[in-house]
Amino acid sequence: MRTTQLLLRSGLTAAAAVALAAVPAAAASGISVSTTGSTVSVTTSACSQVNGSWGAASLLNSGQANFAQGRQVTLSGTTSLQSAAWSNVSPGTYTVIVMCANNSTAGTQSVIVSTTTTPTISATASPSRGVMGGLGGAAEDYGPLTLGAGAALVGIGGIAAAWFLRRRAKPYRL
């Protein structure tokens, strides 16, 4: 019973995979569109050269309806890859259409140009005299009375520490 259910499920999964694999081939576009900042570029391998021309690509904004209304650029490239690019494209949603030289459409694809700006990083000037390090507040010149009082406190602290450590080392007496 378990073996038949497993085989039935495997058969249905394989049939679904074969059916889904056939769909994208018909729906795939013959162009690839990408954006970098305010530059939109398109590549295709679907066009062939006719009279020295590969064809043209057009960038249409939302208010434009056909190929002739958009910003047109001539395709350039080789037999394996043709490309076109538009620079200084303002933010928005656009449609890219590629028409080959033989008047066939290689593909149509939408693209979004975002308003993302790159942050400007600027270096700050380094100090002209290097790091301002030093003795802190000790750079002030103190008189002999202040220096004598400081030396006395350090001496008393040293004697007290020695007395405490010496006393700890002796065994307790009752």
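As the structure is a computational prediction, the values presented were derived from the model and not from experiment.

This part covers the nonpolar core. Ranked by internal contacts, the top residues of the largest apolar core, which has 19 residues, are Val40, Val42, Trp86, Val96 and Val98. Looking at this core, the elements that each hand over two or more residues are strand E1 (31-36), strand E2 (39-44), strand E3 (55-60), strand E6 (82-86), strand E7 (92-100) and strand E8 (105-113). In terms of residue count, the dominant contributor to this core is E7 (four residues). Not counting chain neighbours up to four residues away, the residues in contact with Trp86 comprise Ser38, Thr39, Val40, Val42, Ala57, Ser58, Leu59, Arg71, Gln72, Val73 and Val96.

Burial of the side chains of E6 is restricted to one face: Gln82, Ala84 and Trp86 are buried, whereas none of Ser83 and Ala85 on the reverse face is. Here E2 pairs with E6 via five bridges, running antiparallel. Among the inter-strand pairings, Val40 is bridged to a residue of E6, identified as Trp86. The hairpin turn running from strand E5 (residues 76-77) into E6, its antiparallel successor, is four residues long.

Let us now look at the sheet that holds E1. What the four strands build is an open sheet, ordered E1-E2-E6-E5; its pairing is antiparallel. The sheet is open, and its two borders are formed by E1 and E5, each paired with just one other strand.

Looking now at a nonpolar patch on the surface. Residues Trp163, Phe164 and Leu165 make up a contiguous nonpolar surface patch of roughly 390 Å² in combined accessible area. Within the secondary structure layout, Trp163 lies in helix H2 (residues 144-169). Judged by relative accessible area, Trp163 falls into the exposed class, the value being 58%.

Two pairing modes exist for strands in a sheet, parallel and antiparallel, and in both the strands are linked by backbone hydrogen bonds. Spatially, E4-E3-E7-E8 is the arrangement adopted by the four strands of the open sheet, whose pairing is antiparallel. The strands lining the two open edges of the sheet, one partner per strand, are strand E4 (71-74) and E8. The sheet shows a mean angle of 20° between the axes of neighbouring strands, direction not considered.

As for its position among the elements, Gly52 is in the loop between E2 and E3. Between the C-alpha atoms of Gly52 and Ala101, which are 49 residues apart in sequence, the distance is 9.1 Å.

Glancing now at the pairing of E8. Relative to E8, E7 runs antiparallel, the two sharing eight bridges. Pairing of Tyr94 across the sheet is with Val111, part of E8. Between the end of E7 and the start of E8, which pair antiparallel, lie four residues, with Asn103 showing a positive phi angle near 65°.

Mapped onto the elements, Gln82 comes out in strand E6. The class for Gln82 is buried, based on a relative accessible area of 0%. Polar side-chain contacts of Gln82 include one of 3.4 Å to the backbone nitrogen of Cys47. Apart from the residues lying within four places of it in its own chain, the contact partners of Gln82 are Val42, Thr43, Thr44, Ser45, Ala46, Cys47, Trp54, Leu75, Ser76 and Gly77.

Calculation criteria
Residues numbered from 1 in each chain as written. Predicted model: local features only at pLDDT ≥ 70, side-chain atom pairs only at ≥ 80, totals over all residues. Heavy atoms only, no water. Core = buried A, V, L, I, M, F, W, Y, C linked by side-chain atoms within 4.5 Å. Buried < 20%, exposed > 50% of the residue type's maximum accessible area, 1.4 Å probe, protein only. Helix = DSSP H or I, 4+ residues; strand = E, 2+ residues; numbered from the N terminus. Contact = heavy atoms within 4.5 Å. Pairing = 2+ DSSP bridges. Patch = residues over 30% accessible without salt bridge, like charges linked within 9 Å, V, L, I, M, F, W, Y side chains within 5 Å. Areas by Shrake-Rupley, 256 points an atom, 1.4 Å probe, with all protein chains shown as cover. Salt bridge = Lys/Arg side-chain N within 4 Å of Asp/Glu carboxyl O. Axes fitted to C-alpha atoms, helices over the stretch in contact; angles between N-to-C directions. Polar contact = N/O pair within 3.5 Å; in protein donor to acceptor, adjacent residues only side chain to side chain.

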